[in-house]
Each structure stands twice: as structure tokens, then as C-alpha cells.
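The chain contents come next:
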Amino acid sequence: MSLRAWFMRIFEDDALPDPDRRTFLRVTATATAAAAIPGTAVAAAATTKRRRHWGMVIDLDRCSACNACSIACRQENNIPSYGPEETFDGARPEWMSMLWQEPQRADALPSLLPLPCMHCADPPCVKVCPVGATYKDPDGFTMQVWDRCIGCRYCMVACPYSRRSFNWTEPTWTASEQQMLNPDVATRPRGVVEKCTFCHHRVRRLCEEAALAGREPTDAECQRLPACAAACPAQAITFGDLDDPDSKVAGLAANPRAFRLLEHLGTEPSVYYLEKDRG
Amino acid sequence: MSRRIFALDRKRPSRVLPAGTAGWYALVALALGLIGFAIYAYSIQYRQGYIVTNMRNPGRGGAAWGLYIAMDVYFVGVSFAGITVASIARLFKLEVLEPVTRLAELLTISALLAGACVVIADLGRPGHGLLELPALARPSSPFFGTFTLVVAGYLFSSVVAFFVTGRRDAATMARVGPRGLRWFYRAWATGYRFTPEEHARHGRTTFWLAITILPLLVCAHSTLGLIFGIQAGRPGWYSALQAPGFLVLAGASGTGMLILATVILRRMLKLRSKIPDSAIHWLGGFLWVLSLVYLYFTVVEELTATYAGPKLDRHVAHSVVTGQYSTSFWVYIGTMFLGFAIPFLQYLRGKPSVTGIAIAATLVNVGAVVKRLLIVVPSQTHGSYLAIEEGTYTPSWIEWSIMAGAAGLVLLIILVFARVFPLTHGHEEDLTRDAPLPRDPVRKVASLVWASIAIVLVIVGLTDSFRVWSGGELDPRLPYSPLIFAAGVMMLFSTAIVYEVLPGRRVRITSARIVDRARTRASAPKSALPTSIRATQRLANRSEP
């Protein structure tokens, strides 16, 4: 390789997909983890014309804290079930869980906040990962490559929302549970960190199916796409493209009741909440 | 004080090394026991997972980092002080510290090895860590600095300094040391010849090594403080004081550990004549200054957090000073204060005592371990901006055992080394970088070429690593560019070895030796030649018919 070509490779951001990286991915990625691997995500993004900013709006006025979202999340993403002791001890992975929110005013009632990963635009967890096991997808997902994680847990202490879980034990399923495992989602071994993916596999499937049919996914198809949104009986969770001004999620995010958690940290979360309607 | 470290006993040349004592054997047994038990504890953790530790998910108020990270930071801190003391002694020609410089370097190397073991114990998947960090480490994570600068910088530069400064003594030992180990001494000596040129070159190398190691150490150790200092999401961590605070606490605990190691070895191996009290007194002075500075940092830290700080900073500070962690906090304050007060009062009275300084050194180290835990833990259990219930963390016996094993490793390395190699230099008093050197263009060019290659590697590796700062790029474009950077840093330091070890023209060296011998025979002033040269020459003369 000439010196000039070498420099071009070093300094040009928009170079073509690079063979070294592909080889590396082929070598390291297991077949199961391939769904979450960036190479495929990049390839998928290359076929999609438009960049999206996937986001979520959770209407606290509708939410009855029934926990259906966290149960559905556990089913969809192959999170093993544990007893209450491990749960309250913090020994089991939690992707979507309820957070007790103290009332802001004396006359208001306390509420429960469904808490997925915020998929921040400027995520502290991505900056601190020493090996790039977590990275920012061009479509707004904050991804975690389980196969690459070395288990240093830096992302866990860096996340201000504490939305990351470590596999403290080897995950186990009973024989009947094993039959219900979702083949679209890789199971995670002991010693790695995991987190909510916004049901990335569902989004990818929808986009690919739409691309095969030669169209773009519609907003209506996206609104209840993640498992938590699909399971919510009160339809409190809405999913979609925040960059699309016509989408329902963008409209809700512009609602005066909308707020994001810990905005002062500048993480720019992609999850909006709608305050309890005081009117 | 006897400078004649190798004041060779002609009748028993093998007795240049200290004999073992009952205390020495007891300590070695203790160290081996600790290491063995740590391996057992780690096997349990390896089989059952990290559930056997008391670390848990922060989402439920647990601490994802605990004793392992705290002790890793502690061990790296101890190593920081070792090499710093050695470099300061060389740079400022502190003769008083000379008897402890080799021990200080040894402490650096052994503490870093212990720190590496602790990291292995902490990583969820250590195998993946070892394979992936050299290939994929990204500079946006402070762990990049820890991986590249601490491993490449501290460990390698300490090994280089240790090797280079030990060559002369190794060459002597190859002639007079125990026969079974002479292969080891010969390998270490790498052809060292007792010529004035070799000596003058050595003076240059040690000076340049010392002056390059110091700034690198400050940078590398700061990355450890930045691991915590740049986390805006954790009240109590987010502070510009973290990096300098880490440096000072590292200095205090490491100086204390050096004092302890010196005092124990002196007693165990009867080295009192070789390591005089004055060295320990000097270190005691260093210890109280650093302890005082760190106490001052603590006061500033807690005042800033509690005065009108953000609500959660106040909350974390209260949990530390008056709340759940108050016992640990006041233990830390008490030990650190005594660690300052004992040597300070002795200094005021003008009567420093080795026992007092050793007690203070122990207390400072207890305080440092507690303080490291107080830095790591409360911000995780009490520092969530969300209304997450507050948890607690106390290390489990598995965690304590593995850490004790790491400490045992440090102890074992130092104890064994003290029996196989002289701990004190015999010749440093007239080392200077200004000694005249004959022209040696080959050596100069070879060293410059070596260093230039190293600098190119550093630039290339660092440039390509920085491309993946935190953007969409996942991997460096050049495979293993973090490793290229680290290798460049290591090569840069190994220039010292190239410069020193490269064989010169034999003819001149032989003639120089003849000239020296002639001078010695003509009973030139003895101080003109260093002790060990004279010793070797005596040996050489004796073997001649």
C-alpha cells in the first residue's frame, strides 16, 4: 500500500467499509450475537436511504404501573427469571424496570416510572467502554455487543440512569423456559454487561421487510414495535422516529408535558416522559 | 555508614547476600499461604461467577465496583511512589536515598504485578480482556491510559530502570555470588565491563531515564484519577481534584509501603549496616508532608461538597462523613492524621525514630485502603440522581482473600529478591551524566534510530487509536493500533538498554582496563575508582599468578 493510500485510510472518515474490520467481525462474532453486531447494522443502514432517530415516549398519565412492559421485555429478550431475593439484591439483569418516583409537590401522588435504557445521543457509557463493546448506532440506538464485552463494568458505573446490568451468575433456564427462548435475541453469558436494545431485532426485521417490499416502514407499524410497547395495555408507550415530524412519537415529544430524565447532565436521552396531567 | 556494599569478604565471597533468618522463612510461608488461599478463593469465583462477591447492579442500589477496583488503584499507587522515589533520588542526587532506590523499583514492579492480578480478578471475562485490549482499546476511555500508559509506561520503564541500574552489581555478582545463580547474574549483566566508559554511559542513561519516567508517571497515574473524576453522572466522583488527589495519596501510601518494606527487610535480613537510619528518616519526612497534603485535599473536598454543593453531592458527602460510611471515614481520618502527626512531632523534636516512622507508615497504608474504598463505593450506593433505593456494600471474604493474596505476591517477590540479589547499589556516588565519553558514533546512531522508530510507532498507534474516540467507528483501521502505541512507548524506554548494552569496540575497552589496572597498581588515590571496580580488580589480581 502506498504511503498516501495508507494516510487516506487513517484520516478519511467516509472510506468504504474496510475489509480488516469485516474479517475481525467474522472471526469474533458468534452466530447468535451476529444480530447485534455493528457490521450487519452498518450494512443494513447502508441499504436504508434515510437515517432515523428512534425514540420512545412514555405517558405517565396512562401508565398504571402494571409491570406488563418489564415482563414482556424479559420474555422477548431471554432474560432468565430469578426469585425476589436476587431481584431486590440487584443480582439479576433488569432491562426495563419500575422506578419509584417521589412526588414533586406535597399534594401530588407518587408515581412509578417505567425505566428502559435512555439511548442517549451523547451516552456516557459509550465514552468509557475501553473496547468499543458499546457504541452509538447511526439510527440512534446505543448498542451493546455482548460478545465483545470484557466485563469491566465501567459502563455500569458511568450510566447516570443505572440502566445496565451485569451477569453475576451463569444464566439458567428450566427445560420449559428453554423452549420459549426467543431465537432472534442472543443469550448472554456470565461476566458480561447487558442492557435494553429498544428491541433492535424487531426494528431491523421491520426495516428489512419494508426494504424487500420496496417501501419505508410506516409510523403506524413502528408505534408499538418494541415488546414493552406492544404489551402495554394502556398504550402508554409509543415508539417511532423522532426525526420524522409527522410521526406520533415526535408529536408527543413536542407536547408541553414532555420531559426527559436528568437533562442537566447533557446526555440527550431518546426517551421522553409525559408528566401526569394535573388538569 | 558503609558504602562498601560489596566489601567482599575474601574468605567467604558467597556471603555478599544476606543469610535467611527464622523471620524471613516465616514471612515467606505467610506470603505463600496468602497466595494459595487467594487462588482457592478465585477458583470459587471462577466456578460460581461474581455472585460470590458482594458487588451488585447499581440499578438496585448496589456497587458494581468494589474492593477490587479500590485495591487496584491502591497497588498502582504504591508502585507509583516506588519509581518516583527512585527517580527523584537519581535526579537530585539524594545520596541519602540511594540505599533504598533498588528496593523502591522492586516495589514498583511487584505492586504493579499485584495490580494486574487484581484487574484479572475484577474483569468479568479476563481472557477476552487480555485479547481485546491490545487490539481495540479506545482512548476515550480512561482505561486506555491504564492499559497502555500504566503497562507500557510504569511497568516497562521500571523494568528497564531496574535492569539497567542492576547490571553493574549483576556483573560483580557473576564473579562473587552463589555459584548456582551465576547464570542469572551473567544474563542480567549482559556483558557489563568495569570500564570508565561503561560507567559514564550508565550515568547518562540513568539521568535520562529518571527525567523521562517522572512526567510519564504523572500522566499515567492521572488516568486512574480521571476514571472517577470525569463521571458527571456520579455525584462525589465528578471533581477536578480526583487526579491530583490520586497522585498525592499514591505518593503517601507508596512511601509508607517503601518504609515498611525497608524496615522489615532490615530487621529480617540484618541489613542495618547497609540501609542506614537516615534513609528511613528522609522517607518519614516525605511521608508526613504527603499525608498532610492529602488531609488538606480531603478537607477541601468535603467542604466543597457540603457547603452549597448540589443536593446529591451533599448527600453523598453526608453519607460519608456522618452517615452509613462514617466509621470508615473517621478511621481514615484518624489513621492518616496519626500517620502525619507521629513523624511530624518527631521531626519537630529533631529525633526521628525508625519505629515511629514504621508505625506511621502502617497507619497511612490502612488509611489509604479505606480511603480508596470511600472513593469508589459511596458514589455508587448513594450517588444516583434517580430515586433508586440506597444500597450497601461490604466486601465478601472471597474479595478480601484475593486481595490478601495480591499483597502476599508483593511480599513474596520482595523477600525472595532480597536473598538472591544485593538490595543496595555499590557505586552510584560518582554517577554523572557529564562524565566525558569517547566518541562512539555507532552506539549513538543505533540508539537514535531505535528511538525514532519508537516515536513513529507512538504517533501511528496513537493517531489511529484516536480515530475511534467515540464516533461510529468501532475498530482502529490498523490492526492492534493500541498495541502499536504501547509497543512504541516501551521501545522508547528500551532505548536506554540499546544505548547501554550495545557492545563497543573491544580493543579500546581492553586497553582501558589495562590502564586502570596499572593505575591501581601504582596505588593511585583509591577514591578515583568506585568500590565495586576496586573489588573486582582485587579479585582479578588475585586470580592472576
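Residues numbered from 1 in each chain as written. Chains lettered and ligands numbered in written order. Predicted model: local features only at pLDDT ≥ 70, side-chain atom pairs only at ≥ 80, totals over all residues.

Trainee: Explanation requested: the overall build of chain A in the structure shown.
Mentor: Looking only at helices and strands, chain A features twelve helices and ten strands. Here chain A holds 279 residues, and the buried ones make up 45% of them. Counting contacts in chain A only where the partners sit at least 6 residues apart, residues at least 24 apart contribute 64% of the total. (Helix = DSSP H or I, 4+ residues; strand = E, 2+ residues; numbered from the N terminus. Buried ≥ 20, exposed ≤ 12 C-beta atoms within 10 Å, placed from the backbone. Contact = placed C-beta atoms within 7 Å.)

Trainee: Which parts of the structure should I look at to understand the overall build of chain B?
Mentor: Summing up its helical and strand segments, chain B has 18 helices and zero strands in all. A buried classification covers 52% of the 545 residues belonging to chain B. Long-range pairs, those at least 24 residues apart, make up 81% of the contacts in chain B between residues at least 6 apart in sequence.

Trainee: Would you mind showing me how to read the packing of helix H9 (residues 277-307) of chain B against helix H11 (residues 326-349) of chain B here?
Mentor: The angle between the axes and the distance between the axes are what describe a pair of packed helices. Residue and element names in this part refer to chain B. As a packed pair, H9 and H11 sit with axes 8 Å apart at the nearest point and diverge in direction by 135°. Here H11 runs oblique to H9, going by the angle between their axes. For the crossing formed where H9 meets H11, the hand is left-handed. Here Gly-284, Gly-285, Leu-287, Trp-288, Ser-291, Leu-292, Tyr-294 and Leu-295 of H9 lie close against H11, whose contacting residues are Met-336, Phe-337, Gly-339, Phe-340, Pro-343, Phe-344 and Tyr-347. A per-class count over the contact of H9 with H11 returns eleven nonpolar, four polar and no charged. (Axes fitted to C-alpha atoms, helices over the stretch in contact; angles between N-to-C directions. Parallel < 35°, antiparallel > 145°, perpendicular 65-115°, else oblique. Left-handed = near helix turned anticlockwise from the far one by under 90°. Nonpolar A, V, L, I, M, F, W, Y, C, P; charged D, E, K, R; others polar.)

Trainee: Quick question: what am I supposed to make of unusual backbone geometry here?
Mentor: Most peptide bonds take the trans configuration, and most residues that are not glycine carry a negative phi. Residues and elements named next belong to chain A. In this structure, Ala-65 takes a positive phi of about 55° despite not being glycine. Looking at the element boundaries, Ala-65 is found in the loop between strand S1 (54-59) and helix H4 (68-76). Among the residues examined, Ala-65 registers 14 C-beta atoms within 10 Å and is labelled partly exposed. Even without glycine at this site, Gln-235 takes up a positive phi of about 50°. Tracing the chain through its elements places Gln-235 in the loop between helix H11 (227-231) and strand S8 (237-241). Gln-235 gets classed as exposed once you count the C-beta atoms within 10 Å, which come to 12.

Trainee: Sorry if this is basic, but what is going on with the confidence of the model for chain B here?
Mentor: Residues and elements named next belong to chain B. Summing up the model confidence of chain B, the mean pLDDT is 84 and the portion of residues at 70 or higher is 86%. Within the model, the stretch residues 507-532 combines pLDDT values under 50 with 24 contacts to residues more than four positions away or in other chains. Note on residues 540-545: pLDDT under 50 across the span, and zero contacts to partners over four residues away in sequence or across chains. The ipTM value of the predicted complex is 0.85, and its pTM value is 0.85. (pLDDT = per-residue confidence, 0-100.)

Trainee: Is there a simple way to think about the interface of chain B and chain A in this case?
Mentor: Interfaces are often sized by the amount of accessible area the parts lose when they come together. Taken together, the 48 residues of chain B in the interface contact 53 residues of chain A. Sorting the residues of the side of chain B that touches chain A by element identifies helix H4 (126-136), helix H5 (142-176) and helix H15 (441-466) of chain B as the ones contributing at least two each.

Trainee: Before we go on, may I ask you to explain H4(B) in this structure?
Mentor: Along an α-helix, residues three or four positions apart point the same way, because every turn accommodates 3.6 residues. What H4(B) keeps buried is the set His128(B), Gly129(B), Glu132(B), Leu133(B), Pro134(B) and Leu136(B). Those residues of H4(B) that are buried are in contact with H5 and helix H16 (481-501) of chain B.

Trainee: Please clarify how the environment of Leu258(B) should be interpreted in this entry.
Mentor: Residue and element names in this part refer to chain B. As for its placement among the helices and strands, Leu-258 is situated in helix H8 (residues 242-269). Placed 158 residues apart in sequence, Leu-258 and Val-100 show a C-alpha to C-alpha distance of 8.3 Å. The residues touching Leu-258, leaving out its near neighbours within four places in the chain, are Ala-81, Gly-82, Val-85, Val-100, Leu-103, Ala-104, Leu-107 and Leu-283.

Trainee: How do you make sense of the confidence of the model for chain A when you look at a structure like this?
Mentor: Any region with low pLDDT has predicted coordinates that should not be read closely. Residue and element names in this part refer to chain A. On average, residues of chain A carry a pLDDT of 81, and 78% of them reach 70 or more. Within chain A, the lowest mean pLDDT, 40, falls on helix H2 (residues 19-28), and the highest, 95, falls on H11. When the criterion is pLDDT under 50, residues 11-48 qualifies, and its contacts beyond four places in sequence or with other chains add up to 47 contacts.

Trainee: Is there a simple way to think about the nonpolar core in this case?
Mentor: Within soluble globular proteins, side chains that are nonpolar generally end up buried alongside one another. Residues and elements named next belong to chain B. Membership of the largest hydrophobic core comes to 206 residues, with the highest contact counts inside it found for Leu-107, Val-118, Leu-258, Leu-287 and Ala-406. Looking at this core element by element, the count peaks at 16 residues for helix H2 (residues 67-91). Every residue in contact with Ala-406, bar those within four places of it in the chain, is listed here: Ala-38, Met-71, Phe-75, Ala-114, Cys-117 and Val-118. Counting residues in hydrophobic clusters, the runner-up holds seven residues, among them Ala-171, Met-173, Ala-189 and Tyr-192. (Core = buried A, V, L, I, M, F, W, Y, C linked by C-beta atoms within 7 Å.)

Trainee: Is there a simple way to think about the packing of H2(B) against helix H7 (residues 196-229) of chain B in this case?
Mentor: All names here are of chain B. In contact at an axis separation of 9 Å, H2 and H7 are set at 155° when each is read in the N-to-C sense. Considering the angle they form, H2 stands roughly antiparallel to H7. The element H2 and its partner H7 pack so that their crossing is left-handed. From H2, Val-73, Val-76, Phe-80, Ile-83, Thr-84, Ser-87, Arg-90 and Leu-91 reach across to H7, where they touch Thr-206, Phe-207, Ala-210, Ile-211, Ile-213, Leu-214, Leu-217, His-221 and Leu-224. For the contact of H2 with H7, the per-class residue count stands at twelve nonpolar, four polar and one charged.

Trainee: In this structure, what is going on with the sheet that holds S8(A)? I would like to understand it.
Mentor: Residue and element names in this part refer to chain A. Sheet architecture is open: four strands sit in the order S8-S1-S10-S9, paired in mixed fashion. The two strands at the open ends of the sheet, each matched to only one other strand, are S8 and strand S9 (258-259). Here S1 pairs with strand S10 (residues 271-274) via four bridges, running parallel. Across the sheet, the residue bridging to Val-57 is Tyr-272, located in S10. (Pairing = 2+ DSSP bridges.)

Trainee: What is the right way to look at the environment of Ala137(B) in this model?
Mentor: Within the fold, Ala137(B) resides in the loop between H4 and H5. Given 27 C-beta atoms within a 10 Å radius, Ala137(B) is considered buried. For the pair formed by Ala137(B) and Phe147(B), sequence separation is ten residues and the distance between their alpha carbons is 8.0 Å. If sequence neighbours within four positions are ignored, Ala137(B) has contacts with Pro130(A), Val131(A), Phe144(B), Phe147(B), Thr148(B) and Pro482(B).

Trainee: Is there a simple way to explain the pairing of S8(A) in this structure?
Mentor: Residue and element names in this part refer to chain A. S8 sits mainly inside the fold: five of its five residues count as buried. Here S1 pairs with S8 via five bridges, running antiparallel. When the bridges of S8 are listed, Ile-58 appears paired with Ile-237.

Trainee: How do you make sense of the environment of Glu94(A) when you look at a structure like this?
Mentor: Its location among the elements puts Glu94(A) in the loop between helix H5 (84-89) and strand S2 (97-101). Separated by 150 residues in the primary sequence, Glu94(A) and Asp244(A) have C-alpha atoms spaced 30 Å apart. Residues contacting Glu94(A), with those up to four places away along its chain left out, are Ser165(A) and Gly59(B).

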